[in-house]
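Descriptive structure summary
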Amino acid sequence: MDTPELAVFARELIHSRQNVSPKRLVEPGPSPAELNGFLATAGAAPDHGMLMPWRFVVVPAAKRAALAGSVCPLAARARSPGHDRTN
């Protein structure tokens, strides 16, 4: 791919990306090799405001329910004090 084609390709990828709710992420996930590749690529991406180094947290499948039930509600309350997420 020459440089103009690469630029068009990159722009199309960026504009076609989608946000997927964590509730919709189901098995099978990426292999360990794929995950390492994703993290290496993400770690090389520019950040907004020079916040490097990046930090990635990989939650094993066996621990996800515990995280969702305990840590996530605490984080939501910390972000929005006084907002009841159960309503």
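Conventions and cut-offs
Residues numbered from 1 in each chain as written. Predicted model: local features only at pLDDT ≥ 70, side-chain atom pairs only at ≥ 80, totals over all residues. Heavy atoms only, no water. Helix = DSSP H or I, 4+ residues; strand = E, 2+ residues; numbered from the N terminus. Buried < 20%, exposed > 50% of the residue type's maximum accessible area, 1.4 Å probe, protein only. Expected span 1.5 Å × (residues − 1). Bend = angle between axes of the 7 residues up to and from the residue. Salt bridge = Lys/Arg side-chain N within 4 Å of Asp/Glu carboxyl O. pLDDT = per-residue confidence, 0-100. Patch = residues over 30% accessible without salt bridge, like charges linked within 9 Å, V, L, I, M, F, W, Y side chains within 5 Å. Areas by Shrake-Rupley, 256 points an atom, 1.4 Å probe, with all protein chains shown as cover.

**Re the overall build of the protein**
Counting its regular elements, the protein contains three helices and zero strands. Put simply, the protein runs from its N terminus to its C terminus through helices and strands in the order α-α-α. Looking at the protein as a whole, 2% of its 87 residues qualify as buried.

**Section: unusual backbone geometry**
At the junction of Glu27 and Pro28, the peptide bond is cis and its omega measures out at 0° in the coordinates. With respect to the secondary-structure elements, Pro28 resides in the loop between helix 1 (3-16) and helix 2 (32-44).

**Digging into helix 3 (residues 61-79)**
Spanning 19 residues, helix 3 covers 25 Å between terminal C-alpha atoms, matching the ideal 27 Å at 1.5 Å per step. The principal kink in helix 3, of about 50°, is found at Leu67.

**Here we look at the pattern of salt bridges**
The full count for this structure, using the stated rule, is one salt bridge. With a closest N to O distance of 3.3 Å, Glu27 and Arg64 form a salt bridge. Of the two residues, Glu27 sits in the loop between helix 1 and helix 2 while Arg64 sits in helix 3, which places them 37 residues apart along the sequence. With relative accessibility at 41%, the residue Arg64 sits in the partly exposed group.

**Some details on the confidence of the model for the protein**
Chain-level statistics for the protein give a pLDDT mean of 79 and a share of 86% at 70 or above. Taken element by element, the predicted model of the protein shows its lowest mean pLDDT in helix 3 (79) and its highest in helix 2 (87).

**Details of a nonpolar patch on the surface**
Together, Leu6, Phe9 and Leu13 give the surface a local cluster of nonpolar side chains, amounting to about 280 Å² of exposed area. In this fold, Leu13 is placed in helix 1.

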